[in-house]
Each structure stands twice: as structure tokens, then as C-alpha cells.
Amino acid sequence: MAVAITAIAQDSWPPRVLVSVTGLTIGDGIALYRVVGGVRALLRAGETDAVTDTSFLRTDAELPFGQPVSYLAVVNDDDEYTTGAATYALPGGKVALTDAISGDAAETVILAWDERSYQRQSSVFRAGGRNIVVSGQLGQPESSLELYAETTSARDGVMAVVESATEGVVQIRQPGGYDGIDSYLAVLSVAERRWSQDGSDQRRIIALDVAEVEGWAPALEARGSTLQDIANVYDVAGPNLLPNSYFETNAAGWAQLGGTIARSTTQAHEGAASLLLTPSGAAGAAQARADLVPASVGTLFRARAWVRCAVARSVRLSMDWHDSGAALLSTSNYDLAVAANTWTLMDTTFTPPASTAQARMLFQLTSTPPNTHLLYIDEATLNVAYQSLARIAADYPGTLLDIAQADWS
């Protein structure tokens, strides 16, 4: 498979980008860069001498907003792969105060940030009426800035990011990506000032003394997750709905159309047996059909099986959708080309149409298959792929945004 790089904006605030490089060979070296204005910046934890998987993924939670951004992968110090440039917007019009390592973020407003001061590391020796100064370069700037919080929850959000900041460092980014404002800041001290002295007004000014720094330690990896990531972890697949998936004893629970089926010990992917479908040679299609199982609209089904055919051809995995009276509503198909005499995994998902109450999983050889086109089927399973995110919300108090920002371990 050819090496390819993709960049996908994640469903989060502020936006993050999931950068993935696929088609690698285990042992390849890779360096992954963000490119802005022709300047390369190595992504956090974006370099390794030898990958242990054919895919390499990193989350960019530090990209600038309002500027064209592309991503570049350098493989084995030689081959380069790049994405097209994209401009990512920061919704809300305010400033993002973030910690890429923990994933914490707060929306705020810069009320005042009028100067940045530079100090030179130096020593003064007074000798013979003269000042003798030994000095180095000017350091990075230090400054004081004021953030505005209009509500108590906004104040709490800012304070939470500052208090728990990884290595005491936060990142500030604006919608336009302005030079001198977008930066990494080590927070040296914090002062909170009330808008009204009696405390009746929720508004607050949060004054920070900061020193500009290079950011977090390069080895620290940015946290990245979406609601789907959480669902994938939290919602395990449901139980197998088929009573006979491995055919170790018999072919019960399955029927045929346009051919015959039988338990066979000639071939097996797992265990000692499989289901053999032998076409009649005259019918337009030969089918091995599982019994009907309960189904409902809004449920995602995952159908999975290993198949082996005596010839190279296309095999069809289908789902028949039936209403409560067992009347056929429609059929969903998944076709896969398989090599001759080779076990091949078929793995796909299906979504039921309206009025579905029952479903049937089936395997087909179409186009009037000859009776020599023997098809073996093993480990055929049918599961509800995921439960609803509403189940998470029922178990965890708060909004889906709260859930997305929670610490899932």
C-alpha cells in the first residue's frame, strides 16, 4: 500500500487536527511537521526512528488559526508526503487559553497586554571607577497581561487551565494568529480582581505575570479525542446475535437458496469445521442465509466473517431488512473480491431502514455461479456495533462537551 498522509479537523474546541500517515513499513523512520508560511515545525512527539505499526498518528493541538496550514511527513529522511494547505478557524471570536498536553481549554478575552520586556542575563563589576559588565543575549520576553471573565463559569474555566497547566505552561492563540500574541507562557503568578468590590458582579479581571517560553517538553504528546473516540471505548460491541457462527457441530440456524449448505471439515479458519455453500449451477445466485434476528432503526450492525472460495471472484455479504410481519423491506450489500483458496476477512457495518424489526445476514455468490465455485464460511458474527452516546450521558452527569473533556482512562 502506498504511503499517504491525511489531516482531519476533530470535533472539539478549540479545533485540533488528527494527522495520520498510512502505508508505512514497520521499522520506517518518520518525522511529522506542521508547515506555516513555508516554515516547518516538528509536531509534538512527531518523530521516531522506527515505527511499530504501519500507521503513524499524531494530534496537533497547537496549530495557529486564520493562517494556511499544511502537514508534511518525511519518511526515512528521504521521501516526503504532504497535505494541501487548509485554514482553520477559531469559533467564538475570543481567545483560546489551552494546555495541549492535558487537553484543558478556556475561552477568554485579553483586556490588557500593553508591553513585553526583555531582560539580559548580566553581571556588573565596579572596578577603578568603571562599570565592567559581563552579559549574554537578551532573553525571551516577560510581561503582565489581564484576562477578562464575564461570568463565574468563565473565571473558573480560566483558573482551571492556569492552575493545572502542564509544566506551568499555557498557550494563547487568537482567531487571526497574530504575531507577538500567539505564544507559550509560563505563568509565574496570578491575581484575581473583582469588577465591583461588593462581589455582586460576576465579572472578573485575571492578571497574570508570565514569561514567554518554547512550550512543553517535546516528548510530551498532545491529547486528542472526539466523541466518537469516547463511544468506541465506552460502548463495546453487543453480543453476537447468531446462535451458530463456528459450525463446529452442525449447520443449524442456517438455510440455503440456489444451492446447498452443509457443515464441512475440508476447510476451517478456526476450529475444525466451516459452512460450505455449493451453488446449484443453474440459479442466478447461491445463498447461505442465517435465521432472522431482532433489529431496530437507529442501531448500527457490524457483520463479520472469514470466507474462502475455490476460485477468485466477488463474494457478497448482505443484510435483509424485514418489518414486524417478516415482510422484506430492502437489502443492503457489501461486495468483496477474494483470491482463490485464500481465507479473506469480510468486515462491514449496516444501518437498518425505517420500519425495520428483524434482520437476516446472508452470503451470496451472484451471476449464476457454477457448482465448482465452492464457498466456505467461518466465524460469521453479527453484533450491534455501538450503543448511543446518550448512554454515556445517562451514566455521566453533564453535557457531551463535559464528557469529551473528562479524563477517560
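Scroll up a little and you will see the structure.
Note that this is a predicted model, so its numbers are computed, not measured. (Residues numbered from 1 in each chain as written. Predicted model: local features only at pLDDT ≥ 70, side-chain atom pairs only at ≥ 80, totals over all residues. Heavy atoms only, no water.)

### Overview of the overall build of the chain
When helices and strands are tallied, the chain shows four helices and 27 strands. Against the 2.2 N^0.38 benchmark of 22 Å for 409 residues, the chain shows a C-alpha radius of gyration of 30 Å, more extended than a compact globule. Its C-alpha atoms put the chain at 110 × 60 × 35 Å along the principal axes. A total of 409 residues make up the chain; the buried ones form 42% of that total. A fraction of 68% describes how many contacts in the chain between residues 6 or more apart in sequence connect residues 24 or more apart. Carbon and sulfur atoms make up 50% of the accessible area of the chain, which amounts to about 20300 Å² in all. (Helix = DSSP H or I, 4+ residues; strand = E, 2+ residues; numbered from the N terminus. Rg over C-alpha atoms; globule rule 2.2 N^0.38 Å. Buried < 20%, exposed > 50% of the residue type's maximum accessible area, 1.4 Å probe, protein only. Contact = heavy atoms within 4.5 Å. Areas by Shrake-Rupley, 256 points an atom, 1.4 Å probe, with all protein chains shown as cover.)

### Topic: empty space enclosed by the protein
Considering all chains together, one arrives at one cavity of 30 Å³ or more under this definition. Of the volumes computed, that of the largest cavity is approximately 30 Å³. Trp113, Arg116, Pro141, Glu142, Ser143, Leu185, Val210, Ala211 and Glu212 together form the lining of the largest cavity. Elements that contribute at least two residues to the lining of the largest cavity include exactly strand E13 (142-149) and strand E16 (204-213). Considering each element in turn, the lining of the largest cavity owes the most residues, three residues, to E16. For the lining of the largest cavity, the per-class residue count stands at five nonpolar, one polar and three charged. (1 Å grid on protein atoms, 1.4 Å probe; cavity = no way out; pocket = protein on both sides within 12 Å on 5 of 7 lines; lining within 4 Å. Points joined across faces, edges and corners; volume = space filled by probe spheres on them. Nonpolar A, V, L, I, M, F, W, Y, C, P; charged D, E, K, R; others polar.)

### Describing the pairing of strand E2 (residues 17-22)
Of the strand pairs in this sheet, strand E1 (residues 4-9) and E2 are connected by six bridges, and their pairing is antiparallel. Counterpart to Ile5 in the pairing with E2 is Val21. Bridge count for E2 against strand E5 (residues 56-60) is five bridges, and the pairing is antiparallel. Bridged to Val21 within E5 is Phe56. (Pairing = 2+ DSSP bridges.)

### Focus on the sheet that holds E2
Reading across from one edge, E1-E2-E5 is the order of the three strands in this open sheet, with antiparallel pairing throughout. On the outer flanks of this sheet lie E1 and E5, each paired with one strand and no other. Strand-to-strand twist of the sheet, defined as the mean angle between neighbouring strand axes without regard to direction, takes the value 15°. (Axes fitted to C-alpha atoms, helices over the stretch in contact; angles between N-to-C directions.)

### Quick look at the nonpolar core
Residues Trp254, Met361, Phe363, Leu375 and Ile377 are the most contacted members of the largest nonpolar core, which totals 33 residues. Elements supplying a minimum of two residues to this core: strand E19 (274-279), strand E20 (286-290), strand E22 (301-309), strand E23 (313-322), strand E25 (344-350), strand E26 (358-365) and strand E27 (375-384). (Core = buried A, V, L, I, M, F, W, Y, C linked by side-chain atoms within 4.5 Å.)

### Some details on the layout of surface pockets
A volume near 850 Å³ is recorded for the largest pocket. Lining the largest pocket are 32 residues, and of these Arg34, Ala41, Glu62, Gln171 and Tyr184 lie nearest its centre. At the level of elements, strand E3 (30-36), strand E4 (39-48), strand E14 (169-173), strand E15 (183-194) and E16 are the ones that each hand at least two residues to the lining of the largest pocket. At eight residues, the largest contribution of residues to the lining of the largest pocket is made by E4.

### What about the environment of Ser200?
Within the secondary structure layout, Ser200 lies in the loop between E15 and E16. Residue Ser200 is classed as exposed on the basis of its relative accessible area, which comes to 60%. A distance of 2.8 Å separates polar atoms of two side chains, one belonging to Ser200 and the other to Asp198. (Polar contact = N/O pair within 3.5 Å; in protein donor to acceptor, adjacent residues only side chain to side chain.)

### A few points about the pattern of salt bridges
Within this structure, the stated rule accounts for 13 salt bridges. Between Arg155 and Glu192 there is a salt bridge; the shortest N-O distance is 2.8 Å. Of this pair, Arg155 sits in helix H1 (residues 152-163) while Glu192 sits in strand E15, and the two are 37 residues apart along the sequence. The exposure class assigned to Arg155 is buried, which follows from its relative accessible area of 16%. (Salt bridge = Lys/Arg side-chain N within 4 Å of Asp/Glu carboxyl O.)

### Details of the side chain of Arg173
You can see Arg173 is positioned in strand E14. In this structure Arg173 is buried but unpaired, with Asp182 as the nearest side chain of opposite charge at 6.3 Å. A distance of 3.3 Å separates a polar atom in the side chain of Arg173 from a polar atom in the side chain of Thr98. Apart from residues no more than four positions distant in its own chain, Arg173 is found in contact with Pro14, Ala61, Glu62, Leu63, Phe65, Leu90, Val95, Ala96, Thr98 and Asp182. (Lys, Arg positive; Asp, Glu negative; His and termini not counted.)

### Section: the environment of Val338
With respect to the helices and strands, Val338 occurs in strand E24 (residues 328-338). The sequence separation of Val338 and Arg313 amounts to 25 residues, and the corresponding C-alpha distance is 5.7 Å. Once you skip the residues sitting within four places of it in the chain, Val338 turns out to touch Val307, Cys309, Val311, Ala312, Arg313, Val315 and Thr344.

### Quick word on the packing of aromatic side chains
Applying the stated criterion to the full structure yields five aromatic pairs. Site record: aromatic cluster; members linked through ring pairs are Phe247, Trp254 and Phe363. Taking the ring centre of Tyr33 as reference, the NZ or CZ of Arg40 above it sits at 5.7 Å. (Phe/Tyr/Trp six-rings, centres within 6.5 Å; stacked < 30°, edge-to-face > 60°. Lys NZ or Arg CZ within 6 Å of the ring centre and 35° of its normal.)

### Concerning unusual backbone geometry
Trp13 connects to Pro14 through a cis peptide bond whose omega is -10°. With respect to the helices and strands, the residue Pro14 is situated in the loop between E1 and E2. With phi around 60°, Glu167 is a residue other than glycine that occupies positive phi space. Backbone geometry places Phe247, a non-glycine residue, at a positive phi of 60°.

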